[in-house]
Amino acid sequence: MKRIEITELLNNGSDHIGKIVNIKGWVRAFRSNRFIQLNDGSCMGNIQAVIDFENIDESILKRVTTGASISVNGELVASQGSGQAFEVQATDLSVIGDAHPDDVQKTVLQPKRHSLDFLREQSHLRFRTNTFGAIFRIRHAASFAVHKFFNDRGFNYIHTPILTGTDAEGAGEMFRVSTLDHKQPPLDEKGEVDYSKDFFGKQVNLTVSGQLEAELAALGLGKVYTFGPTFRAENSNTSRHLAEFWMIEPEVAFNDLNDNMDLTEDFLKYCCKYILENCEEELKFLDERSAKEQAQKPQNERNKLGLIESINFVVDNPFKRLSYTEAITTLLNSKHYKKKKFQFPVEWGVDLQSEHERYLVEKEFNCPVILSDYPAKIKAFYMRVNDDNKTVAAMDVLFPGVGEIVGGSQREERLDVLQSKCEEFNIEKDELWWYLETRKLGTVPHAGFGMGFERLVMFLTGMSNIRDVIPFPRTPDNAEF
Ligand code: 4AD
Ligand code: MG
């Protein structure tokens, strides 16, 4: 008999009522030795299977334990109990895979509330919980929304390399990739490791951004985006950083910084709206979950809006746009500053810390903020220098609860300016010859940005630790699974 998915029975039950159906799934709970809650991953909800004792042997029922996988045949009927519209009258049941209660006891399959830390240690099993089922369904939907947004607007998806010889962000936070024998590497005359003998004949690392290659593609295809894994060896063990994360990087020829801000805002709103419209059940579950979590915090640390409210808020309200210089003035004039409540200094030229960003988003403006025109010294070499010669056409989008969700800029398209920026930032021009050459051959203004996909998923699920929105997080000292 052909298996039918539980989502089909729960959502279109009236099409199947009175028929014998086959369902397969994992036992979430078995109550009174009679009522099985079965989940097959096709949706959040479980279907109830009610045991018909005349047809099902006692010895089989003993093996129906939480976590076990089973196959059930029976008639779909209107449920007599409350809480569900339909249920299956199980007349035939077989165990596919046993789960012994002693083994289940030690795991997150045990049906009770588990800490997120414990769930993370069991990333191999957490997909079977309601919370992570909801998170990863939303993650999927968000990635689909990303592709749909760009495809509908005529962008080309470009697969930029994961192995590169460049440090696009100039931050030096790269994982080296090498096939040299690290106990006895070949050395050059200076006694340094001779990477010309390495696999690629040069030093190669895992990419920190696909931007530079995306720029090349945009300067021919016009509108492109990347969506791929990105690696940063920054040793920051925070709730917002991963060593391996996914980034979306659109790049558009002929766009300036303002066009770039408009694209970012449309894009973020689109993704939010898509999830509101397509993940109602998951959002409702996570909304209740985060409300419970918020209730345990002190009053002044609670979010003002619930999860669904905060996503709606982003869709319905314009983002606040202001320059870095204006942001510094705002911070200096704040009561918070005057009462010396910021830990880090506030003055023109410093990099904003997350306490400053959070203050602007959560206390001052109460909405997403786009900050632009940062001091050149604190931003990457490729950002276009403004007429004041002090700032660059950069932008960061700051979101409530998440902080920086997007970083981008208009790119420096003038060869001479770009060359002197390379010198200033100690970037070997020989290594970027291909990048520089595009500025000699029909250069045009262009702009783009990078969105950290996990930061978006954090916002859409209300999860406060980035490790809980990627299936298998990689962070310092942690690469299990
Ligand atoms: O601001 P970043 O470093 O910008 C770039 O990489 C540019 N090349 C993007 C571009 O203009 N095409 O990173 C972009 C975004 C950040 O705003 C943040 O959301 C995310 O990537 N991000 C991280 N997410 C998780 N873990 C990390 N370690 C991250 N580092 C950056
Ligand atoms: Mg940034």
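Residues numbered from 1 in each chain as written. Chains lettered and ligands numbered in written order. Predicted model: local features only at pLDDT ≥ 70, side-chain atom pairs only at ≥ 80, totals over all residues. Heavy atoms only, no water.

1. What about the overall build of the chain?
Thinking step 1. Along the chain, the regular secondary structure elements total 15 helices and 16 strands.
Thinking step 2. Oriented by its inertia axes, the alpha-carbon framework of the chain measures out at about 85 × 60 × 45 Å.
Thinking step 3. Every one of the 481 residues in the chain was classed for burial, and the buried ones make up 49%.
Thinking step 4. Partitioning the intrachain contacts of the chain with sequence separation of at least 6 by distance along the chain shows that 67% fall at a separation of at least 24.
Thinking step 5. Taking the 57 positively charged and 72 negatively charged side chains of the chain as two groups, their mean positions are separated by 5 Å. (Helix = DSSP H or I, 4+ residues; strand = E, 2+ residues; numbered from the N terminus. Buried < 20%, exposed > 50% of the residue type's maximum accessible area, 1.4 Å probe, protein only. Contact = heavy atoms within 4.5 Å. Lys, Arg positive; Asp, Glu negative; His and termini not counted. Charge placed at Lys NZ, Arg CZ, Asp CG, Glu CD.)

2. Details of the packing of helix α8 (residues 280-295) against helix α9 (residues 307-316)
When two helices pack together, their arrangement is given by the angle between the helix axes and the distance between those axes.
Thinking step 1. Direction vectors running N to C along α8 and α9 enclose 115°, while the axes themselves pass 8 Å from each other. Contacts from Leu283, Lys284, Leu286, Asp287 and Ser290 of α8 reach α9 at Leu307, Ile308 and Ile311.
Thinking step 2. Taken together, the residues of the contact of α8 with α9 sort by class into five nonpolar, one polar and two charged. (Axes fitted to C-alpha atoms, helices over the stretch in contact; angles between N-to-C directions. Nonpolar A, V, L, I, M, F, W, Y, C, P; charged D, E, K, R; others polar.)

3. Description of the sheet that holds strand β9 (residues 204-206)
Thinking step 1. Strand order in the open sheet formed by three strands is β7-β9-β8, and the pairing between neighbours is antiparallel. The open sheet is flanked by β7 (163-164) and β8 (176-177), the only strands paired with a single partner.
Thinking step 2. Taken together, the two bridges between β7 and β9 define a ladder with antiparallel strand orientation. Bridged to Leu163 within β9 is Leu206. (Pairing = 2+ DSSP bridges.)

4. A closer look at the domain arrangement of the chain
Thinking step 1. By the assigned domains, the chain splits into domain 1 (6-109) and domain 2 (130-173 + 208-468).
Thinking step 2. Here the C-alpha centre of domain 2 lies 44 Å away from the C-alpha centre of domain 1.
Thinking step 3. In total, about 470 Å² of surface goes out of reach between domain 1 and domain 2, with carbon and sulfur atoms giving 48% of it.
Thinking step 4. Looking at the side of domain 1 facing domain 2, the largest losses of area belong to Arg28, Cys43 and Met44, adding up to 87% of the total buried there.
Thinking step 5. If you look at where domain 1 meets domain 2, you find two residue pairs in polar contact (both at pLDDT 80 or more).
Thinking step 6. Taken together, the residues that form the side of domain 1 that touches domain 2 break down as two nonpolar, three polar and one charged. (Domains from an automatic or database assignment. Buried area = accessible area lost by both parts, 1.4 Å probe. Polar contact = N/O pair within 3.5 Å; in protein donor to acceptor, adjacent residues only side chain to side chain.)

5. Some thoughts on the pairing of strand β3 (residues 47-51)
Thinking step 1. Judged by how many residues are buried, β3 sits mostly within the fold: five of five residues are covered.
Thinking step 2. Looking at chain direction, strand β2 (residues 35-39) and β3 are connected through four bridges and run antiparallel. Bridge pairing in β3 places Phe35 opposite Val50.
Thinking step 3. By the bridge criterion, four bridges tie β3 to strand β5 (residues 86-97) in an arrangement that is parallel. Looking at the pairing, Ile51 lines up with Ala90 of β5.

6. So, the pattern of salt bridges
Thinking step 1. In total, this model carries 24 salt bridges according to the counting rule given.
Thinking step 2. Close ionic contact of Glu454 with Arg139 constitutes a salt bridge, the shortest N to O distance being 3.0 Å. Within this pair, whereas Glu454 is found in helix α15 (residues 453-461), its partner Arg139 is found in helix α5 (residues 130-152), the two being separated by 315 residues in sequence. For the pair Glu454 and Arg139, one class covers both residues: buried.
Thinking step 3. When the shortest N-O distance is used, the salt bridge between Lys429 and Glu423 registers 2.5 Å.
Thinking step 4. Taken together, the shared-partner salt bridges in this structure form one network comprising Asp117, Arg120, Arg126 and Asp468. (Salt bridge = Lys/Arg side-chain N within 4 Å of Asp/Glu carboxyl O.)

7. Section: the sheet that holds strand β12 (residues 320-323)
Sheets are built from strands paired through backbone hydrogen bonds, the pairs being either parallel or antiparallel.
Thinking step 1. Spatial ordering of the open sheet is given by β6-β10-β11-β16-β15-β14-β13-β12, a layout of eight strands whose pairing is mixed. Either end of the sheet is taken by a strand with one partner, and the two such strands are β6 (156-157) and β12.
Thinking step 2. Pairing of strand β14 (residues 391-399) with strand β15 (residues 403-410) involves six bridges; the strand directions are antiparallel. Across the sheet, Met395 pairs through a bridge with Gly408, a residue of β15.

8. Examining the pairing of strand β10 (residues 223-231)
Thinking step 1. For β10, a buried count of eight out of nine residues is recorded, marking the element as mostly surrounded by other parts of the structure.
Thinking step 2. In the sheet, β6 pairs with β10 via two bridges, with the strands oriented parallel. Looking across to β10, one finds that Tyr157 is bridged to Tyr225.
Thinking step 3. Relative to strand β11 (residues 244-253), β10 is paired through nine bridges, and the arrangement is antiparallel. The residue of β11 that forms the bridge with Phe231 is Glu244.

9. A word on the site of ligand 1
Thinking step 1. Among the 24 residues in the neighbourhood of ligand 1, the closest are listed as Glu169, Gln211, Glu234, Glu249 and Glu404.
Thinking step 2. At 2.8 Å from an oxygen atom of ligand 1 is found a side-chain nitrogen or oxygen belonging to Arg232.
Thinking step 3. For ligand 1, whose free accessible area comes to 630 Å², the fraction covered by protein is 93%.
Thinking step 4. Contributions of two or more residues to the shell around ligand 1 are made by β11, β15 and β16 (446-452).
Thinking step 5. By residue number, the principal contributor to the shell around ligand 1 is β15, which donates five residues.
Thinking step 6. In terms of residue class, the shell around ligand 1 is built from eight nonpolar, eight polar and eight charged. (Near = heavy atom within 4 Å. Areas by Shrake-Rupley, 256 points an atom, 1.4 Å probe, with all protein chains shown as cover.)

10. Regarding the state of the cysteines
Thinking step 1. Enumeration over the complete set of coordinates arrives at zero disulfides.
Thinking step 2. The closest cysteine sulfur to the non-disulfide-bonded Cys43 is located on Cys279, 13 Å from its own sulfur.
Thinking step 3. You can see Cys271 has no disulfide; the closest cysteine sulfur is in Cys272, sitting 6.9 Å from it.
Thinking step 4. By relative accessible area, Cys271 is classed as buried at 0%. (Disulfide = S-S within 2.5 Å.)

11. Some points on unusual backbone geometry
Thinking step 1. Of note, the phi angle at Asn33 is positive, near 55°, even though the residue is not glycine.
Thinking step 2. The topology assignment puts Asn33 in the loop between β1 (20-31) and β2.
Thinking step 3. Given a relative accessible area of 37%, Asn33 falls into the partly exposed group.
Thinking step 4. For Lys340, which is not glycine, the phi dihedral falls at a positive 55°.
Thinking step 5. Along the chain, Lys340 turns up in the loop between α11 (335-338) and α12 (354-365).

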